[in-house]
Amino acid sequence: MGLHIGSVAPDFQANTTQGPIQFHQWIGSTWAVLFSHPKDFTPVCTTELGRAANLKAEFDRRNAKMIAVSVDDVDSHKKWIGDIEETQKATMNFPIIGDEGRVVAKLYDMIHPEANDTLTVRSVFLIDPNKKIRAMITYPASTGRNFSEILRVIDSLQLTDSHKVATPADWKDGDDCVIVPSLQDPKELAERFPKGFKAVRPYLRITPQPNK
Ligand code: BEZ
């Protein structure tokens, strides 16, 4: 069975550039971002890892840990890290999983044979503290990921977990939200949204972001 939003993220043991881990234990009580790289010493991946490392404080602020995986071994990753740090002006501050046996790549369906039967595509899994997959994003090997978008999705997930809102197109933290259609009780609407809301349509109700 394939992985879906809402599935428990498969657990695994692996060696990483920061030592061995048991994935669920490593996640602990935080959010996690697991993202795959087709191969070490490749140009797009090098820029992505540098960008992610330079954004670590933003992930920390959201209580989210990053972990990368690439289908080479840890010794290769460690050599590659030297290049990443030098060329991207970054300090690698999160682990990269050694996945030369493609265990993690297969567990998370990161190899798409019609694209390439040995290398992974660029998968991103956003996993919550209950170890549930909350979002999955897939890019081809030739397209570097947008890490600001990954932060934006975490913001949306964390907001919608705590308030009965959803986030509209191109939303970013601080923008107006939409009230979930299932919320119809006038008393609850008044309590939850003291700043009010604008009903553009009965199903399209815009409200200021409730936690701002
Ligand atoms: C890269 O990371 O640059 C890359 C990897 C595989 C195919 C194409 C590009």
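Provided above is the structure to which this section pertains.
Residues numbered from 1 in each chain as written. Predicted model: local features only at pLDDT ≥ 70, side-chain atom pairs only at ≥ 80, totals over all residues. Heavy atoms only, no water.

A. Molecular detail of the packing of aromatic side chains. The final tally for this structure, using the stated rule, is 8 aromatic pairs. An angle of 15 degrees between the planes, with centres 4.6 Å apart, marks the rings of F12 and F23 as stacked. Note that F12 is positioned in the segment before β1 (13-16) and F23 in helix α1 (residues 23-27), a separation of 11 residues in sequence. Taken as a pair, F12 and F23 share a single burial class, namely buried. Pairwise contacts between aromatic rings join F12, F23, W26, Y108 and F125 into one cluster. Lying across the ring of W26, K65 places its NZ or CZ 4.9 Å from the centre. Above the face of the F197 ring, R205 is positioned so that its terminal group lies 6.0 Å from the ring centre. (Phe/Tyr/Trp six-rings, centres within 6.5 Å; stacked < 30°, edge-to-face > 60°. Helix = DSSP H or I, 4+ residues; strand = E, 2+ residues; numbered from the N terminus. Buried < 20%, exposed > 50% of the residue type's maximum accessible area, 1.4 Å probe, protein only. Lys NZ or Arg CZ within 6 Å of the ring centre and 35° of its normal.)

B. Broad picture of a nonpolar patch on the surface. The grouping of V200, Y203 and L204 at the surface amounts to a nonpolar patch, some 280 Å² of accessible area in total. Mapped onto the fold, V200 is located in strand β10 (residues 198-201). A residue is classified by how much of its surface remains accessible, and V200, at 38% relative accessible area, is partly exposed. (Patch = residues over 30% accessible without salt bridge, like charges linked within 9 Å, V, L, I, M, F, W, Y side chains within 5 Å. Areas by Shrake-Rupley, 256 points an atom, 1.4 Å probe, with all protein chains shown as cover. Salt bridge = Lys/Arg side-chain N within 4 Å of Asp/Glu carboxyl O.)

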